[in-house]
Amino acid sequence: MHQIDAPNLMSITIRDGIPRHFVVESFPSLLDADIHYMYTEESVPVDVIPKFVEKISNVKLLKLSDYVFEKLEMAGVRSTSFPTFNNLNTLEVSFIKTQLVKPLFTFLQFSPNLESLVFRGVYRDKVNEDAFTLDVVPHCLLMNLKSIKFQYFKGQLKELDLVQLFLQNARVLQMVIIEISSDHFLNSNKKKHTAEDVEDFNKKIMEQLLKYKWASTDCVVKLCSF
């Protein structure tokens, strides 16, 4: 039996598998959590991770791996059966697969006051087109989400689809920052890219993003390379 009982805990980081018998109490003082499960034992019930995530609903800063969204989807988590993360201000997501966009937006329904969202990469995989359509627009997109950052961006179609999905639905969005990965230029035919190459690439991205109407007329998209 693995048990955590720490009512005064303010920060927690978990970067490992989770055992079958994992018991936690509530975390009333928790401010930030970094939950980066890489795997679970095959014998671990699918609802173990969702039940743990329920216990950290008081956090203000939450970092999650896409594996968590996968387990939420597998457990059939719905907005009517999950606690609301009323204090959550910032959510960071590591390298999400495009097939997990739906469960990501389901989680956003639990986060009505979210103001900042960070993606540390979007992994392109085979996915149905309806993954980028919203049945319900989360409250945070309508009222509170102000900034989104996309890191390690390569300009692939599904990455642009995700950016566009937010631009078309986030009504009070003020800033979208897209950090272009140097891998994009390293994979090109040219041995060395120039400032003109970067400018041309950025122009092509903006042309794609401007094809559709944005929900927020005050939003600014900033492109930068690193």
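Everything below is about the structure printed above this text.
The text that follows walks through the structure, step by step, so that each part is easy to find.

Basis of the calculations
- Residues numbered from 1 in each chain as written.
- Predicted model: local features only at pLDDT ≥ 70, side-chain atom pairs only at ≥ 80, totals over all residues.
- Heavy atoms only, no water.
- Helix = DSSP H or I, 4+ residues; strand = E, 2+ residues; numbered from the N terminus.
- Contact = heavy atoms within 4.5 Å.
- Areas by Shrake-Rupley, 256 points an atom, 1.4 Å probe, with all protein chains shown as cover.
- Buried < 20%, exposed > 50% of the residue type's maximum accessible area, 1.4 Å probe, protein only.
- Phe/Tyr/Trp six-rings, centres within 6.5 Å; stacked < 30°, edge-to-face > 60°.
- Pairing = 2+ DSSP bridges.
- Axes fitted to C-alpha atoms, helices over the stretch in contact; angles between N-to-C directions.
- 1 Å grid on protein atoms, 1.4 Å probe; cavity = no way out; pocket = protein on both sides within 12 Å on 5 of 7 lines; lining within 4 Å.
- Points joined across faces, edges and corners; volume = space filled by probe spheres on them.
- Parallel < 35°, antiparallel > 145°, perpendicular 65-115°, else oblique.
- Left-handed = near helix turned anticlockwise from the far one by under 90°.
- Nonpolar A, V, L, I, M, F, W, Y, C, P; charged D, E, K, R; others polar.
- Expected span 1.5 Å × (residues − 1).
- Salt bridge = Lys/Arg side-chain N within 4 Å of Asp/Glu carboxyl O.

Before going further, it helps to examine the overall build of the protein chain. Across its full length, the protein chain holds seven helices and twelve strands. For the protein chain, the proportion of contacts with a sequence separation of at least 24, taken over those separated by at least 6, is 75%. Approximately 12,100 Å² of the protein chain is accessible, and the part contributed by carbon and sulfur atoms is 49%.

On to the side chain of Q151. Summarising the element assignment, Q151 is placed in strand β10 (residues 147-153). Residue Q151 is classed as buried on the basis of its relative accessible area, which comes to 14%. With residues up to four places along the chain from it excluded, the contact list for Q151 reads V118, F119, R120, G121 and E179.

Under the definition given, this model contains twelve aromatic pairs. Put simply, the rings of F69, F82, F85, F107 and F110 pair up and form one aromatic cluster.

Across a sheet, paired strands are connected by hydrogen bonds in the backbone, their directions being either parallel or antiparallel. Spatially, β2-β4-β5-β6-β8-β10-β11-β12 is the arrangement adopted by the eight strands of the open sheet, whose pairing is parallel. Each end of this open sheet is capped by a strand with a single partner; those strands are β2 (11-14) and β12 (220-225). Averaged over all pairs of adjacent strands, the angle between their axes in this sheet comes to 10 degrees, without regard to strand direction. Where helix α3 (residues 101-108) meets the sheet, it contacts β5 (61-65), β6 (90-94) and β8 (116-119), and its direction lies at approximately 165 degrees from that of β6. Running at roughly 175 degrees to β10, helix α5 (residues 157-169) makes contact with β8, β10, β11 (175-180) and β12 of the sheet.

A separate point is the layout of surface pockets. The calculated volume of the second largest pocket comes to roughly 200 Å³. Those elements that provide at least two residues to the lining of the second largest pocket are α5 and α7 (195-209). It is α5 that provides the largest number of residues to the lining of the second largest pocket, a total of six residues.

Below, the discussion takes up the packing of α5 against α7. A pair of packed helices is captured by two measures, namely the crossing angle of their axes and the spacing between those axes. Between α5 and α7, the shortest axis-to-axis distance is 10 Å and the interhelical angle comes to 50 degrees. Accordingly, the angle class assigned to the pair α5 and α7 is oblique. Classified by chirality, the crossing of α7 by α5 is right-handed. In this structure, α5 uses L160, V163, Q164 and L167 to contact α7, whose residues at the interface are I205, Q208 and L209. Residue classes in the contact of α5 with α7 are distributed as five nonpolar, two polar and no charged.

Over its 13 residues, α5 runs 18 Å from end to end, which matches the ideal 18 Å to within 8%, given 1.5 Å per residue. For α5, every residue scored as buried is listed here: K158, E159, L160, L162, V163, Q164, L165, F166, L167 and N169.

The subject of this paragraph is the pattern of salt bridges. Taken as a whole and assessed by the stated rule, the structure comprises six salt bridges. In this structure, K102 engages D135 in a salt bridge whose closest nitrogen and oxygen atoms are separated by 3.7 Å. Taken as a pair, K102 in helix α3 and D135 in the loop between β9 (122-123) and α4 (139-143) lie far apart in primary sequence, 33 residues in all. One salt bridge in this structure joins D200 and K204, with 3.5 Å as the shortest N-O distance. Taken together, the positions of D200 and K204, both in helix α7 and four residues apart, correspond to about one turn of that helix. Classification of D200 by relative accessible area gives partly exposed; the value is 38%.

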